[in-house]
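Residue strings, one per chain:
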Amino acid sequence: MKLDFKYKGNRNYIHGTDIYTQVLNIFEETYGDVNDIKLSFHKIAKTNLDIEIIRKGNKGFEYSECAFIMELSNNSGEYVVAGRPTSESVKGRYPYDEEKIVENCNFSKEEKSISLKNRSSHYNIELIVAMNKELLTQILPEPGKWYFGKLHLHKDINKIDSENIKVRLIRNIGSKITKSLISIDGQPIGEIYFTKVMP
């Protein structure tokens, strides 16, 4: 199944938040709500993607050349969604002001955390990624570019209606690999991992 994307803001690659949102929308329309999500990115995607959905454990499945792998589970079983780049170029882009998200947050250096102040019109996954990026920029300011690398959630975060969102850095390996805890309404809901690419 081919997916069409637009570039987010001034980026020249498909943003992980757009992959998350589009894939989950397609999957849940067919298979129902999920109760566990594991997403990992293996390469930067600059062209549109083709996805394949299979039952987990399919021994004939080939993982090579995947830009991302998403493992999903719900009451009907466990699944793997693999996304591979195509030769089809991404056409167009849409505005995205990450600074507006950051301005709507409170940062705590002591807690190594960042919290949303007010509800936003953005998808929750966009909020989480932007918040974690800002948190890491403040805590680990060494030169380099932060990329959204992995995610583990206990449900689809975009379906949670709450403005009480908090991200807290809980582990870092030097200044290049990090793990942050995601909480909503004071309850842990998953972890997000970032990787820094040095200039």
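Cut-offs applied
Residues numbered from 1 in each chain as written. Predicted model: local features only at pLDDT ≥ 70, side-chain atom pairs only at ≥ 80, totals over all residues. Heavy atoms only, no water. Core = buried A, V, L, I, M, F, W, Y, C linked by side-chain atoms within 4.5 Å. Buried < 20%, exposed > 50% of the residue type's maximum accessible area, 1.4 Å probe, protein only. Helix = DSSP H or I, 4+ residues; strand = E, 2+ residues; numbered from the N terminus. Contact = heavy atoms within 4.5 Å. Phe/Tyr/Trp six-rings, centres within 6.5 Å; stacked < 30°, edge-to-face > 60°. Lys NZ or Arg CZ within 6 Å of the ring centre and 35° of its normal. Expected span 1.5 Å × (residues − 1).

(A) Seen up close, the nonpolar core. In this structure, Tyr 20, Phe 68, Met 70, Met 131, Leu 151 and Ile 157 are the most contacted members of the largest nonpolar core, which totals 52 residues. For this core, the leading source of residues is helix α3 (residues 124-139), giving nine residues. Apart from residues no more than four positions distant in its own chain, Met 131 is found in contact with Ile 101, Cys 105, Ile 114, Ser 115, Leu 116, Ile 165, Lys 166 and Val 167. If you look at the next biggest cluster of nonpolar residues, it comprises six residues, including Phe 61, Cys 66, Ile 69 and Ala 82.

(B) Inspection of the packing of aromatic side chains at higher detail. All told, the structure shown has six aromatic pairs when counted by the stated rule. Pairing Phe 27 with Tyr 79 gives two aromatic rings, centres 5.2 Å apart and planes at 75°, and the pair type is edge-to-face. With Phe 27 in helix α1 (residues 16-31) and Tyr 79 in strand β6 (residues 77-89), the pair connects residues that are 52 residues apart, well separated along the chain. By relative accessible area, Phe 27 is classed as buried at 0%. Tyr 79 sits in the buried class, given a relative accessible area of 4%. With a centroid separation of 4.6 Å and 50° between ring planes, the pair formed by Tyr 31 and Tyr 79 is classed as tilted. You can see Tyr 31 sitting in helix α1 and its partner Tyr 79 sitting in strand β6, a full 48 residues away along the chain. One aromatic cluster is present, built from ring pairs that chain together Phe 27, Tyr 31 and Tyr 79. Positioned above the aromatic ring of Tyr 96 is the side chain of Lys 8, whose terminal nitrogen or guanidinium carbon lies 4.4 Å from the ring centre. A cation over a ring is seen here: Lys 145 above Tyr 147, with NZ or CZ 5.4 Å from the ring centre.

(C) Layout of α1. When the terminal C-alpha atoms of α1 are compared, their 22 Å separation across 16 residues agrees well with the 22 Å that a helix rising 1.5 Å per residue should span. When α1 is considered as a whole, its buried residues turn out to be Gly 16, Thr 17, Asp 18, Ile 19, Tyr 20, Thr 21, Val 23, Leu 24, Ile 26, Phe 27 and Glu 28. The positive-phi residue at the C-terminal boundary of α1 is Gly 32, with phi of around 95°.

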